[in-house]
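Summary of structural features
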Amino acid sequence: MSKQWELKWMAWEVTRKCNMNCVHCRSNSTIESAEGNLTFDKCQSLMDEIGEHAKPVIVISGGEPLLRKDVFDIAAYGTEKGFRMAMATNGMLVDDEVCKNMKQSGIRIVSLSLDGATKDVHDNFRGQEGAYESVMNAAEYFRKHEIKFIVNSSFTKRNQNQIEGTYKLAKKIGATAWYMFLIVPTGRGEEVMKELVSKEDYEDLLNWHYDMEREEQDILVRPTCAPQYYRIWHERSKAEGLDPERRSLSFGTGGGKGCIAGQSICLLNHEGDVYPCSYFPMAAGNVFKQGFWEIWNNSELFRDMRSFKDYEGKCGVCKYLGVCGGCRARSYAVSGSYMEEEPFCDYIPTNYKPCG
C-alpha cells in the first residue's frame, strides 16, 4: 500500500438501526432496520484484514451503534488488535452502564451530535423530541466517567443562525473538540437542497470560523466537509504574515488537504460497501465480494479521486487544489460528477477560463 494513501481513519456503520429521523441523515435509518451480513465473526475477520497493513482510528457508528447488542464486543476486539476505537452516538441511550462498557472495551473518545443551542432547534433538526436533553445528559455522564467527547454540529439555513451559540454550548458542556459541518446533500439530505447554506453565507461562515479559531485556545475546532476553508486559511494566514503550516500545528487545524475522502479515510457500511466518506453515495466495492485492500488500493473510484490533475472545472486549475480539492461528494450531489468543481466555492482562479 502506498504511504501516500495510508488509511488513517474509518467510520464503520455496524448497524442501520436508529431511534431518530434526522433531516440530513445519509442512511434513511429506522428502528426496524437490519444489520445486514455484518456478523460478529465477519467484524473480527475484517479487523484482522485491515490490521495487516494499517491501524486506523475506527469510529463505530450507525444508525445508532448502541442499538447493536454486541457493539462492545466489536470495540473490545478492535482494541485488542491495536486500533484506536471511537464511537459516534446520538446520546439517547447513554447511562452509567454504557459508560462503564465503553471504558472496559477500550473506546477512547465519543462523538455527540448537537445541531442547535436550544432545545427547539436541535429537536426539530433531529426529528425527535427529547434529543437535546439526551445530548445534555450524555455529556454529563461522559464528564462523570471521564470519557472524552467531541461535538459534531450540522448546519443548514434552518439553524445557521445558531452556529456561534452551538459552538459556545459545546465548550460549556465540556467537549474536547467542536466540528462544524456544513451538510452535504445525501441520503435524506437530498430533500433539503433548498435549505443548504448559500455560497455567500458559506464563505462568510468559514471566515467567521477562521476568526474564532484564531483566538480559541481551550478546545480543538474545525470546519468539516468544507475543504475550501484551507484556501481561506492559507490566504488569510499569509496576509497576516504567518506561516500557514506552522499555525496549523499550533492551533490544531492540521493544515494540509481539505478533502481527504478516499485518500486517508473511508466509510464501511453494514452491508460491506466501502465508500470514500460518510457522505458519498457511490461505493468503491464490497468486502463480501473483494478484499478490503483490493478495494482501497485498486478501485476505479478511489483512483479517480486521488488523481487531482483530472479534477474538472475551476478545481482542476486552482492553485489551492493541493490544500483544498473541493468536496467530491457535494460535486456529485449537485452535478452528477464527482470529478466536477466544488459547487459551493466562490473562489475563481485567475487562470480559469470557463467554457462559453
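About the thresholds
- For every chain, the first residue of the written sequence is number 1, and numbering continues from 1 onward in sequence order.
- Predicted model: local features are reported for residues with pLDDT of at least 70 only, side-chain atom pairs are reported and counted for 80 or more only, and whole-chain, interface and lining totals are derived from all residues.
- Hydrogens and water are ignored here; the side-chain numbers use all heavy atoms of the structure.
- Confidence of the prediction at every residue is given by pLDDT, a number between 0 and 100.
- We call two residues contacting when some pair of their heavy atoms lies within 4.5 Å.
- Strands were regarded as paired on the criterion that DSSP finds at least two bridges between them.
- Runs of H or I in DSSP of at least four residues are treated as helices and runs of E of at least two as strands, each being numbered from the N terminus.
- Think of each axis as a best-fit line through the C-alpha atoms, taken over the contacting stretch in the case of a helix, with angles from 0 to 180 degrees between the N-to-C directions.
- Reported orientations rely on four angle classes, namely roughly parallel under 35 degrees, roughly antiparallel over 145, roughly perpendicular from 65 to 115, and oblique for the rest.
- A clockwise turn of the near helix away from the far one marks a right-handed crossing, whereas an anticlockwise turn of less than a right angle marks a left-handed crossing.
- Residue polarity follows a fixed list, in which Ala, Val, Leu, Ile, Met, Phe, Trp, Tyr, Cys and Pro are nonpolar, Asp, Glu, Lys and Arg are charged, and the others, Gly among them, are polar.
- Nonpolar core, defined: a set of buried Ala, Val, Leu, Ile, Met, Phe, Trp, Tyr and Cys residues in which side-chain atoms within 4.5 Å join the residues together.
- Remark: exposure states derive from per-residue accessible area (1.4 Å probe, protein chains only) relative to the maximum for the residue type, with buried under 20%, exposed over 50%, and partly exposed in between.
- By definition here, a salt bridge exists when the distance from a side-chain nitrogen of Lys or Arg to a carboxyl oxygen of Asp or Glu is within 4 Å.
- The handedness rule is simple: strands pointing away from the viewer, and a clockwise path from the first strand over the helix to the second, make the crossover right-handed.
- By convention, a stacked pair of Phe, Tyr or Trp rings (six-membered ring in the case of Trp) has centres within 6.5 Å and planes under 30 degrees apart, an edge-to-face pair has planes over 60 apart, and any other such pair is tilted.
- Two limits define a charge over a ring: the Lys NZ or Arg CZ must be within 6 Å of the ring centre, and within 35 degrees of the ring normal.

1. Observations regarding the confidence of the model for the chain
Mean pLDDT over the chain stands at 89; residues scoring 70 or higher make up 88%. Low confidence marks residues 248-256, where pLDDT is under 50. Its contacts with residues over four positions away, or in another chain, come to 24 contacts.

2. Regarding the sheet that holds strand E4 (residues 109-113)
Reading across from one edge, E7-E6-E5-E4-E3-E2-E1-E8-E9-E10 is the order of the ten strands in this open sheet, with mixed pairing throughout. This sheet does not close on itself; its edge strands, each paired only once, are strand E7 (220-224) and strand E10 (285-286). Judged from the four bridges that link them, strand E3 (residues 84-89) and E4 form a sheet pairing that is parallel. Looking across to E4, one finds that alanine 86 is bridged to isoleucine 109. Where helix H7 (residues 199-215) meets the sheet, its contacts fall on strand E6 (177-182) and E7, and the angle it forms with E6 comes to roughly 170°.

3. Some thoughts on the packing of helix H3 (residues 96-105) against helix H5 (residues 131-144)
Put simply, H3 and H5 touch, their axes get as near as 10 Å, and they point 50° apart. Here H3 is positioned oblique relative to H5, judged by the angle of their axes. Relative to H5, H3 is oriented so that their crossing is right-handed. Where H3 abuts H5, its residues Asp96, Cys99 and Met102 lie against Tyr141, Phe142 and Lys144. Looking at the contact of H3 with H5 residue by residue, the classes come out as four nonpolar, no polar and two charged.

4. Observations concerning the pairing of E3
Sheet analysis places strand E2 (residues 57-61) next to E3, joined by four bridges and oriented parallel. Bridging from a neighbouring strand, isoleucine 58 pairs with methionine 85 of E3.

5. With respect to the nonpolar core
With 103 residues, the main nonpolar core has Trp12, Met102, Phe142, Trp178 and Phe292 as its most contacted residues. The residues touching phenylalanine 142, leaving out its near neighbours within four places in the chain, are Val94, Cys99, Met102, Val110, Leu112, Ile147 and Phe149.

6. Looking at the pattern of salt bridges
Scanning the model with the defined rule gives 17 salt bridges in all. Of the charged contacts in the structure, one is a salt bridge between arginine 68 and aspartate 70, with a shortest N-O distance of 2.5 Å. Owing to a relative accessible area of 3%, arginine 68 belongs among the buried residues under this scheme. Using a relative accessible area of 17% as the deciding quantity, one classes aspartate 70 as buried. Note that aspartate 115 and arginine 126 form a salt bridge whose closest N and O atoms lie 2.5 Å from each other. Here arginine 126 lies in helix H4 (residues 119-126) and aspartate 115 lies in the loop between E4 and H4, a separation of eleven residues in the sequence.

7. What about the environment of threonine 224?
On the secondary structure map, threonine 224 appears in strand E7. Judged by relative accessible area, which is 19%, threonine 224 ranks as buried. Each C-alpha atom, one on threonine 224 and one on serine 153, is 9.4 Å from the other, the two residues being 71 residues apart in sequence. For threonine 224, the residues in contact, after removing those within four places along its chain, are Tyr179, Met180, Phe181 and Leu182.

8. Overview of the pairing of E4
E4 sits mainly inside the fold: five of its five residues count as buried. Residue alternation in E4 divides its side chains into two sets, Ile109, Ser111 and Ser113 and Val110 and Leu112, and both sets are buried. Taken together, E3, H3 and E4 constitute a β-α-β crossover, and its handedness is right-handed. Summarising the sheet, E4 and strand E5 (residues 148-155) pair through five bridges and their orientation is parallel. Bridged to isoleucine 109 within E5 is lysine 148.

9. Comments concerning the packing of aromatic side chains
All told, the structure shown has 16 aromatic pairs when counted by the stated rule. Members of the aromatic cluster, each reached through a chain of ring pairs, are Tyr210, Tyr229, Tyr230 and Trp233. For the cation-ring pair, arginine 328 lies above tyrosine 311, with the distance from its terminal atom to the ring centre recorded as 4.2 Å. Directly above the aromatic system of phenylalanine 344 lies the positively charged group of arginine 330, at a separation of 5.8 Å from the ring centroid.

10. Considering unusual backbone geometry
In this structure, glycine 63 follows glycine 62 across a cis peptide bond, with omega equal to 25°. Within the secondary structure layout, glycine 63 lies in the loop between E2 and helix H2 (71-80). A positive phi angle, near 55°, is found at glutamate 146, a position not held by glycine. Among the residues examined, glutamate 146 registers a relative accessible area of 68% and is labelled exposed. Unlike most non-glycine residues, cysteine 225 shows phi in positive territory, near 60°.

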